[in-house]
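Remarks on the overall topology
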Amino acid sequence: MATQHYDVIIIGTGAGGGTLAHKLAPSGKRVLLLERGGYLPREPENWDSREVFINDRYLSGEFWYDKDGQAFKPHQQYFVGGNTKFYGAILFRMRERDFGEVRHYGGLSPAWPISYQDLEPYYAEAEKLYLVHGQAGEDPTEPSRSGPFPYPAVSHEPRIQQLSDDFEKAGHRPFHLPVGVDLNESDPEAGRCVRCDRFDGFPCLADGKADAHVRCVRPALKHHNVTLLTRAKVERLVTDSSGRIVTEVVVERHGVREVYSGDIVVVSCGAVNSAALLLKSASDPHPSGLANASGLVGRNYMAHINSGVVAISQAPNPTKFQKTLGINDYYWGADDSGLPLGHIQMLGKSDRHILRGGAPWYAPGLALEYVARHAIDFWITTEDLPHPANRVTVDRSGRIHLAKTYHNLEPHTRLLAKLKALMGRLGCHDSPIPAWSILDKRIPLAGVAHQSGTVRFGADPKTSALNVNCRAHDVDNLYVVDTSFFPSSSAVNPALTAMANALRVGDHLLERLGGHVTAAAQPVSDGQRQEVPS
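Summarised in this report is the structure supplied together with it. Bear in mind the structure is a predicted one, so any value in this text is a computation, not a measurement.

So, the side chain of Glu120
Here Glu120 lies in helix H3 (residues 116-129). In contact with Glu120, other than residues within four places in its own chain, are Arg93, Ser144, Arg145 and Ser146.

This is the structure in C-alpha cells:
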C-alpha cells in the first residue's frame, strides 16, 4: 500500500494537538489527526462516580513502572480530546514572573526562552476558543491582560459565596476561577452546561465542558482538508538517512501496520507519551532517541505537587457546581515565607464514592455519607521543579518507566498548614472528623494530569530539545506541541498555556507552509466531515 502523504500530521488530539488542528483547519492544508483512542462513549456511566473513581472505567488499563520497577496504573485516558475530556477546565494564564527564574525552597525554577508578553495574545485567543469565564482584577497575582475575560465569571452557589466572604474576613482576596464552560447564566437555554456536580474529573454528557474534542476537533473535522484516524497508535517515527527529516509515521491500527508521511510531523501525546515515542524512535542517526542529541528527551519530568483537601463544614454543603473559587494570596509567599508557596482552588463536589477512593478500607459507609454531605473540597498546588533524574525511559519491551522524586515539598507542607489553620474561620471543623478522615491526601505518581517538561524548549541545543517554535533542534520537520515543552511548571493548571502555545506554533506553521484560508477549506456539514471510521 502506498504511503499516504499530508501537509501536517498531528499525533494526539488533546489540549495541544486538538487546538493546533483547529488553528490549521481553515488553511486548506491537508491535516491528518492520529488518535490512539476512540471517541469516549456517551453513556450514563459518564456521571457515575463509582464507575469513574472506583472502577476506573475510562482509564487506559496500561501499566507504567516507577523508579523501583514497581508497576502502577497511571490516571491516563486515551480518547478524542485527550485528558481534557476529564479535566476540571480551570484555565489559568501563568503569572508574568513565572516566565523568569524563580527561587524556591527546593531550588531554582528556570526561565523560559519567551516572555509572558510573547504568549499574551495567544492566551486571549485560547480563552475565547475555550469559553473561559472569569473576572479580571480579582486575582492579586493576575498578569496583565489586553482585554477582559471573554465571558463573565461563573457565580458562586450560597455555601461557596459564604466561603468567599469568610476568606475576605480572614484578610484574603478570593477570586472567581477562570472556568472553560458552555454556560450562560442569564439565559440557561443558550449554553449546554447544566451546572451539575459531575464536572471535575468526569466526562460531560451534555458537552458543556470546554474540552479539546468539543471546542477544537469537532469543528476542525467540518473542513474537507482535515482527517481523523481513531484507534491509531503511533509506534515510531522514521527519518531519512541524514536523520534530519521524519519520512514515516508508523501506526498500528486494528492490528495492522500503516505508514503515513507529512511535510510537518507534530507530536502531541502528553509529556510522558511524547517523550516515550521519541525514545522508541531511536535509529542510527539518533541512537539515544529521536531529537535527543541534547540527552534531555524524557528528563526533567514535572507534575505539580497537588493535594486534595476535604474540609468538614459545620453546616451541610449542598453545592453542586463547586469549582468557582480560588486563592492566590500565598502564590509568591507569606508573612512568614519569603519564597513561593502555591495556589488554592476548589475541587468538584465529592460524594461517598469519590471519598471512598481515598479513605481506608475500614471507613464506615455512614461516616462517609456524613462527610460527603458536609464536605468542602479544596485542591492545593505547589510548583514542581525540574530535575534531570526525574525522567521517562522506555525498556526493550517498550514499557514506560517514570522515575520521580519531589524536590520542593516544604512549601506544599506550609501551604497545607495555612489552609488547615483557616478551617474554623471558614465555618469548618478545625480537626479531622472522624480520626481517619482524609483531610488531606497528596496526589501520587499515578496522578499525571499536570504532567510536563520532558522535551523542553530553549534557544541552546545543548540545554533543550526544541527551539523557541517547538521544532526539534535535530530534526527539521518535527515539532512537539503539548506540555512537554515546559521548562518550568509554575503553580497553576497547565492546560491554557498548552493551548495558547499550540496557537502560537500554529501561526508559525502557517507561515512556514504558506497557509491561508481557501474556498476548499470552508466548513462542511457534519454529515460530510472527514473522519475515517474506527
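With respect to the packing of H3 against helix H10 (residues 495-513)
Where H3 meets H10, the axes come as close as 8 Å, and the angle between the chain directions of the two elements is 110 degrees. By the angle between their directions, the pair H3 and H10 is classed as roughly perpendicular. Crossing of H3 against H10: the hand is right-handed. Along its contact with H3, which presents Leu119, Tyr122, Tyr123, Glu125, Ala126 and Glu127, the element H10 presents Leu496, Thr497, Met499, Ala500, Asn501, Leu503, Arg504 and Asp507. Looking at the contact of H3 with H10 residue by residue, the classes come out as eight nonpolar, two polar and four charged.

Quick look at the layout of surface pockets
Counted as a void, the second largest pocket has a volume near 170 Å³. What lines the second largest pocket is a set of 13 residues, among which Lys349, Ser350, Asp351, Ala372 and Arg373 lie closest to the centre. Here the lining of the second largest pocket is built from residues that sort into three nonpolar, three polar and seven charged.

Digging into the pairing of strand S15 (residues 305-312)
Looking along a regular strand, one sees the side chains alternate between the two faces of the sheet. Judged by how many residues are buried, S15 sits mostly within the fold: eight of eight residues are covered. Here S15 shows two buried faces, one formed by Ile305, Ser307, Val309 and Ala311 and the other by Asn306, Gly308, Val310 and Ile312. Relative to strand S18 (residues 375-382), S15 is paired through eight bridges, and the arrangement is antiparallel. Within S18, the position partnered with Ile305 by the bridge is Thr382. Pairing between S15 and strand S21 (residues 440-442): three bridges, direction antiparallel. By the bridge assignment for S21, Ser307 is matched with Arg442.

Side note on the sheet that holds strand S17 (residues 343-346)
Across the sheet, six strands lie side by side as S8-S16-S17-S18-S15-S21; this open sheet has antiparallel pairing. What marks the edges here is a single partner per strand, and that holds for strand S8 (175-176) and S21.

Describing the pairing of strand S19 (residues 391-394)
Sheet topology note: the S19/strand S20 (residues 400-403) ladder contains four bridges and is antiparallel. When the bridges of S20 are listed, Arg391 appears paired with Ala403. In this structure, the hairpin formed by S19 and S20 is closed by a connection of five residues, where Gly398 is found at a positive phi of approximately 85 degrees.

Things to note about the packing of aromatic side chains
Tallied over the entire structure, the rule returns 17 aromatic pairs. Here Phe199 and Phe321 contribute two aromatic rings whose centre-to-centre distance is 5.0 Å and whose plane-to-plane angle is 50 degrees, an arrangement assigned as tilted. One end of the pair, Phe199, is in the loop between strand S9 (179-180) and helix H5 (212-220); the other, Phe321, is in the loop between S15 and strand S16 (325-327), with 122 residues separating them in the sequence. Like Phe321, Phe199 is buried. Three or more aromatic residues link up through ring pairs in this structure, and these residues are Phe99, Trp112, Tyr116, Tyr123, Phe457, Phe485 and Phe486. The aromatic ring of Tyr406 is capped on one face by Lys404, whose charged end is 3.8 Å from the ring centroid.

Examining helix H9 (residues 409-421)
Because each turn of an α-helix spans 3.6 residues, side chains separated by three or four positions end up pointing in the same direction. Between its first and last C-alpha atoms H9 spans 19 Å; for 13 residues at 1.5 Å apiece the expected length is 18 Å, and the two agree. Listed as buried for H9 are Pro411, His412, Leu415, Leu416 and Leu419. All buried residues of H9 lie within an arc of 140 degrees about the axis, which places them on one face of the element. Exposed and facing more than 90 degrees away from the buried side of H9 are Thr413 and Ala421. Those residues of H9 that are buried lie in contact with helix H4 (158-169), S15, S17, S18 and S21.

About the criteria used
Residues numbered from 1 in each chain as written. Predicted model: local features only at pLDDT ≥ 70, side-chain atom pairs only at ≥ 80, totals over all residues. Heavy atoms only, no water. Helix = DSSP H or I, 4+ residues; strand = E, 2+ residues; numbered from the N terminus. Contact = heavy atoms within 4.5 Å. Axes fitted to C-alpha atoms, helices over the stretch in contact; angles between N-to-C directions. Parallel < 35°, antiparallel > 145°, perpendicular 65-115°, else oblique. Left-handed = near helix turned anticlockwise from the far one by under 90°. Nonpolar A, V, L, I, M, F, W, Y, C, P; charged D, E, K, R; others polar. 1 Å grid on protein atoms, 1.4 Å probe; cavity = no way out; pocket = protein on both sides within 12 Å on 5 of 7 lines; lining within 4 Å. Points joined across faces, edges and corners; volume = space filled by probe spheres on them. Buried < 20%, exposed > 50% of the residue type's maximum accessible area, 1.4 Å probe, protein only. Pairing = 2+ DSSP bridges. Phe/Tyr/Trp six-rings, centres within 6.5 Å; stacked < 30°, edge-to-face > 60°. Lys NZ or Arg CZ within 6 Å of the ring centre and 35° of its normal. Expected span 1.5 Å × (residues − 1). Arc of directions from axis to C-beta.

Distances and angles like these do not, on their own, reveal function.
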